[in-house]
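Okay, here's what each chain looks like letter by letter:
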Amino acid sequence: MTALSDIIINQIKRFGPMPVSEYMTLCLLHPEHGYYTNRDALGASGDFTTAPEISQMFGELIGLTIAQAWIDQGMPKPFVLAELGPGNGTLMADILRATKSVPKFHSSMDLHLIEASPEMRKRQKSALDGFCVTWLDYFSELPQKPLFLVANEFFDCLPIKQYRRTAEGWQEQMIGADENQLHFILGTATSEDVFTKSNDIPNGDMLEISASSVAFASAIGEHVNTNGGCAIIIDYGEWDSDGDSLQAIQNHNKIDPLTNCGAADLTAHVSFRDLTNAASKHAKVSSTIPQGILLERLGITQRAQTLAKNIDGKALETHISAHKRLTHPDEMGKLFKAIAIIPNHTDLPTGFN
Ligand code: SAH
């Protein structure tokens, strides 16, 4: 039992069962006990590892793709280079190193990081030492300028609601509490979304909806179409909602999502269909492309070979396995997917179709 478990149990006793979305928000971002508020979450010593923490190649290739998109759109100056949920700041550091030699890119950029956690901001500050960074709480605070944005493993931690189709119709999966233990419980579905979304889902199956992800995708589409720019979103998930995908990770292991509140990372699969539908109301959205294919198209194999020339022994082994981990279909290559969002009537960036 954690301090946050007590708070959540008391809140449920007072107000009744809690939607999964509210539970996720409290576990991840409670101002005192939230997971991202306190933790050394990412990397080998943390609870989970993300693509930029696995290899510098990831950020370098994404960085060069963004710089090329900026060149293709006429090198707007000033432009905003931004990241949603930058974690340790590793991805942005790699993007900045890779784009250092792109003429006028750094001198035209206005760097913004959207980060909710003060602890994470400290890590980002040290990773980006020497750069002028503006931290924002909210996407809506970004300046109205051409926006070149990246979000890796950001959407998977946005809150979801879960609905189950039963013989009595749709019900919302909520979280209830006994004396000192949390459990899932079905309650009346309160959102209209489920009724319009899927009548072809069989009884017993679950549907997940992230209103928060939809709102972010819509705002990104609108911003990019109005101001110019390009957003690249990479995350794990499927085209469609994929049943019950809520998961908690602690020390690189899956644990029960209702235990250790605030001490484990809590995520869900991203529905790329929902992101695409929301963003394409305003802007052009690429097909959803598996991470492995995208990285191959961006030249990861050539980059890996170049880097391999200067290393040997253990470092070379780690490098080869990082390449495989990022691209192989049985590792991150297929489960992780990417989309690009750009203004209507603009060509998609390299690697996307
Ligand atoms: N992009 C990073 C790490 C992703 S972890 C990487 O690829 O390594 C998720 C990050 O998003 C953390 O930094 C977390 O504090 C931040 N975050 C989570 N929810 C947020 C929200 N609603 N607004 C802003 N930042 C958020």
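Scroll up for the structure.
Parameters and conventions
- Residues numbered from 1 in each chain as written.
- Predicted model: local features only at pLDDT ≥ 70, side-chain atom pairs only at ≥ 80, totals over all residues.
- Heavy atoms only, no water.
- 1 Å grid on protein atoms, 1.4 Å probe; cavity = no way out; pocket = protein on both sides within 12 Å on 5 of 7 lines; lining within 4 Å.
- Points joined across faces, edges and corners; volume = space filled by probe spheres on them.
- Helix = DSSP H or I, 4+ residues; strand = E, 2+ residues; numbered from the N terminus.
- Nonpolar A, V, L, I, M, F, W, Y, C, P; charged D, E, K, R; others polar.
- Buried < 20%, exposed > 50% of the residue type's maximum accessible area, 1.4 Å probe, protein only.
- Polar contact = N/O pair within 3.5 Å; in protein donor to acceptor, adjacent residues only side chain to side chain.
- Contact = heavy atoms within 4.5 Å.
- Near = heavy atom within 4 Å.
- Areas by Shrake-Rupley, 256 points an atom, 1.4 Å probe, with all protein chains shown as cover.
- Sits in = over half its atoms within 2 Å of the grid points.

Draft legend 1. Quick look at empty space enclosed by the protein. Across all of its chains, the model carries 3 cavities of 30 Å³ or more by this definition. As for the largest cavity, its lining consists of 18 residues, of which I160, S210, H269, V270 and S271 are closest to the centre. Among the elements of the structure, β9 (206-209), α10 (211-227), β14 (270-271) and α11 (272-279) are those that each provide at least two residues to the lining of the largest cavity. Here the lining of the largest cavity is built from residues that sort into 8 nonpolar, 6 polar and 4 charged.

Draft legend 2. Structural context of the side chain of S55. When you line up the elements, S55 lands in the loop between α4 (51-54) and α5 (56-72). The class of S55 is buried, set by a relative accessible area of 8%. Among the polar contacts made by the side chain of S55, one reaches the main-chain amide nitrogen of M57 at a distance of 3.0 Å. Discounting chain neighbours no more than four positions away, the residues touching S55 are D94, A322 and L326.

Draft legend 3. Representation of the site of the ligand within the structure. Taken together, 19 residues are adjacent to the ligand, and T50, G85, G87, E115 and N152 come closest. Note that a nitrogen atom of the ligand is positioned 3.2 Å from one of the backbone N or O atoms of A116. In the environment of the ligand, a nitrogen atom lies 2.7 Å from a nitrogen or oxygen atom belonging to the backbone of N152. In isolation the ligand exposes 580 Å². Once the protein is present, 94% of that is buried. The cavity where the ligand resides is the largest pocket. For the shell around the ligand, the per-class residue count stands at 11 nonpolar, 5 polar and 3 charged.

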